[in-house]
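# Tertiary structure, described
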Amino acid sequence: MNNRPLGVFDSGIGGLTVVHALTKRMPHENITYFGDTARVPYGPKSPQVVREYAAQDVDFLIRQNVKMVVVACNTVSAVGLDIVQKHAKVPVVGVILPGATAAIATSKKRRIGIIGTRATINSRAYEHAIRQRDADVHVVAAECPLFVPLAEEGWIDHPATALVAKEYLFPLTLEKIDTLILGCTHYPVLRSAIDRTLNGQVALIDSGEAAAEEVERVLDERKMRNPSAERPHLQFFVSDIPAKFAEVGERFLGQKMGRVQKAEGFVL
Ligand code: DGL
């Protein structure tokens, strides 16, 4: 049973950064991924709509017989983790709590910035998670919606990205943050541009990496690690245009990806 895959889902392609983190940390786990490419982006949508979509996404993964659900999408983790837990019937790991915990452990000055989609920032989920652990941390948040299309276009070293990053991040630097949570699946792709804008002075927390650490902890605790040392089986399903996903996906995954399939039976 433990050779069943980890189920990972996201609003679209961005969650592949989390798959990258998972495979780096646990190279023998099989993974089944679902990206809701027909309805991406979730970031500008209302919590009600995101929750409805999240319930359908997790139902699809459960039908694929996954042993755990990893909510790669920060927006879903922020506004719909409870609904995912209700539908999952297997352990669920989101990205908010691990990201918040890693930021607290990193920040010496206890001044933390958070960037994410509009829905993630409006939910204040990261802020609440940080304050629950340490009420005295100074927290400042900014929504950065344009980072999503810039990352998908691959405009990593593009002057437009540098300009947008400066505009978004300047207010955070005024608050003298020493740690910044990359609270969106796409932002690790722009890590170098963000780091340059902050003159390398701010520690960047990849919430996907933090979540991968938590997944490993939960698997070990429940003795659910895949015992096989074979090369893992990675399966990718999307709700629309598999070819586009495969093309852009390699930049997010950091490696060649196999066949991407249209999710049969996924009703929009
Ligand atoms: N995956 C989303 C997140 O991490 C970003 C893209 C979207 O808005 O759907 O919040």
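First, a word on what this report is: a plain description of the structure on this page. (Residues numbered from 1 in each chain as written. Predicted model: local features only at pLDDT ≥ 70, side-chain atom pairs only at ≥ 80, totals over all residues. Heavy atoms only, no water.)

Scanning the chain for helices and strands turns up eleven helices and ten strands. Taking 268 residues into account, the globule formula puts the C-alpha radius of gyration at 18 Å, and the chain, at 17 Å, falls close to it. Across its three principal directions, the C-alpha atoms of the chain cover 50 × 40 × 40 Å. Burial analysis of the chain (268 residues in total) assigns 54% to the buried set. Within the chain, contacts between residues at least 6 apart in sequence are counted, and of these 75% link residues at least 24 apart. (Helix = DSSP H or I, 4+ residues; strand = E, 2+ residues; numbered from the N terminus. Rg over C-alpha atoms; globule rule 2.2 N^0.38 Å. Buried < 20%, exposed > 50% of the residue type's maximum accessible area, 1.4 Å probe, protein only. Contact = heavy atoms within 4.5 Å.)

Attention now goes to the packing of aromatic side chains. Under the counting rule described, the total for this entry stands at ten aromatic pairs. An angle of 40° between the planes, with centres 4.6 Å apart, marks the rings of F34 and F266 as tilted. One end of the pair, F34, is in strand 2 (residues 31-35); the other, F266, is in the segment after strand 10 (260-262), and 232 residues separate them in sequence. Both residues of the pair, F34 and F266, count as buried. (Phe/Tyr/Trp six-rings, centres within 6.5 Å; stacked < 30°, edge-to-face > 60°.)

Another point: helix 10 (residues 207-221). In this model helix 10 runs 21 Å from its N-terminal to its C-terminal C-alpha over 15 residues, within 8% of the 21 Å that 1.5 Å per residue would give. For helix 10, every residue scored as buried is listed here: S207, G208, A210, A211, A212, V215, E216, V218 and L219. Backbone nitrogen of G208 and a side-chain oxygen of the N-cap are separated by 2.8 Å at the start of helix 10; the cap is D206. (Expected span 1.5 Å × (residues − 1). Polar contact = N/O pair within 3.5 Å; in protein donor to acceptor, adjacent residues only side chain to side chain.)

Now for the site of the ligand. Around the ligand, a shell composed of 13 residues is seen, among which D10, S11, Y42, G43 and T75 lie nearest. Here an oxygen atom of the ligand and a side-chain polar atom of S11 are 2.6 Å apart. Here N74 contributes a backbone N or O atom positioned 3.0 Å from an oxygen atom of the ligand. When the free accessible area of the ligand is taken as 300 Å², the share hidden by the protein chains comes to 99%. The class makeup of the residues in the shell around the ligand is five nonpolar, seven polar and one charged. (Near = heavy atom within 4 Å. Areas by Shrake-Rupley, 256 points an atom, 1.4 Å probe, with all protein chains shown as cover. Nonpolar A, V, L, I, M, F, W, Y, C, P; charged D, E, K, R; others polar.)

We now examine the packing of helix 4 (residues 96-106) against helix 6 (residues 125-133). Between helix 4 and helix 6, the least distance of the axes is 9 Å, while the angle of their chain directions is 55°. As far as their axial angle goes, helix 6 and helix 4 are oblique. For the pair helix 4 and helix 6, the crossing hand works out as right-handed. Within the contact between the two elements, helix 4 uses I96, L97, G99, A100, T101 and I104 and helix 6 uses A125, Y126, A129, I130 and R133. Looking at side-chain class alone, the contact of helix 4 with helix 6 contains eight nonpolar, two polar and one charged residues. (Axes fitted to C-alpha atoms, helices over the stretch in contact; angles between N-to-C directions. Parallel < 35°, antiparallel > 145°, perpendicular 65-115°, else oblique. Left-handed = near helix turned anticlockwise from the far one by under 90°.)

Let us now look at unusual backbone geometry. Following V40, the chain continues to P41 via a peptide bond in cis, the omega torsion being 0°. With respect to the secondary-structure elements, P41 resides in the loop between strand 2 and helix 2 (47-63). Despite not being glycine, N65 has its phi angle at roughly 65°, a positive value. By the secondary structure assignment, N65 is in the loop between helix 2 and strand 3 (68-71).

Another aspect to go through is the packing of helix 1 (residues 16-25) against helix 11 (residues 242-253). When two helices pack together, their arrangement is given by the angle between the helix axes and by the axis-to-axis distance. Where helix 1 contacts helix 11, the two axes come as close as 8 Å, and the packing angle between them is 50°. One finds that helix 1 runs oblique with respect to helix 11. The element helix 1 and its partner helix 11 pack so that their crossing is right-handed. Across the interface between the two elements, L16, T17, V19 and H20 of helix 1 pack against F245, G249, F252 and L253 of helix 11. Of the residues in the contact of helix 1 with helix 11, the class split is five nonpolar, three polar and no charged.

Taken by themselves, the reported measurements are silent on function.
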